[in-house]
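# Summary of structural features
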Amino acid sequence: VVVAGDGWASRSTNNGATWTALGRGLNSGFLEADFDSIYTNENTWIAVATGGWASRSTDDGDTWTALPQGLNSGLATASLLAVSANGDTWVAVGASGYASRSTDNGETWTALTKGLNSGSLSPNFTSVAANGNIWVAVGNGGYASISTDDGDTWTALPQGLNSGLETAIFA
C-alpha cells in the first residue's frame, strides 16, 4: 500500500507489478487527507494524515476504517506526521507535540504527554521508531525523546542528539 497527497492511495498484491486504486481518503472521514505516513506490523496497516485524519486496515490494506481524528491525542486537528508499531503497540506522533499510543493493534488510542517530555511542549515530531521495547521520537528544533517501556513513558534526549546542531530537524 502506498499513500499520497489529496487522499490518494493504491495497493498491490503481486509485489508491485500492478496496482489498484483504493477509496480516496481511505475512509478516514476526509477525502482529500494528505497522508504523511503509513506503517504495517504485517497484521494491521495504519495511515496518518494532515488534519489528524487516520485509517486502519486489518485485511492487508483491502478495506479501511476511520480512526478517531487526532487519535485521541488531545487535538482533533493535529497533523499526524509519523506512525510506527512494535507488535500490537503503536505510537503516532505529530505537530505541536501531540502523540498517541495504542496497545491493542491500533483499535483504541490514548493520548501521551504533550511534547513527550522532550523539553518542548510543541515540537513537530517527524519520526518515531521502535527496536524492541525501546522507542525514539524526533522532530524539529532538535527535540527528541526516548521510551524504554514500549512507549508508555518518555524522557528527553539531548537537544540535537549531540550532533553539534541543537536546532536540527530530524526525520
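The structure contained in this document is the topic of the report that follows. (Residues numbered from 1 in each chain as written. Predicted model: local features only at pLDDT ≥ 70, side-chain atom pairs only at ≥ 80, totals over all residues. Heavy atoms only, no water.)

We note that Asn-15 has phi near 60°; this positive angle belongs to a residue other than glycine. Secondary-structure assignment places Asn-15 in the loop between β2 (9-11) and β3 (20-21). Of note, the phi angle at Asn-117 is positive, near 55°, even though the residue is not glycine. For Asn-117, a relative accessible area of 41% gives the class partly exposed. (Helix = DSSP H or I, 4+ residues; strand = E, 2+ residues; numbered from the N terminus. Buried < 20%, exposed > 50% of the residue type's maximum accessible area, 1.4 Å probe, protein only.)

Read across the sheet, four strands follow the order β4-β5-β6-β7 without closing on themselves; strand pairing throughout is antiparallel. Because the sheet does not close on itself, it has two edges, and the strands there are β4 (35-40) and β7 (65-66). Pairing between strand β6 (residues 54-57) and β7: two bridges, direction antiparallel. Along β7, the bridge assignment pairs Ser-55 with Ala-66. (Pairing = 2+ DSSP bridges.)

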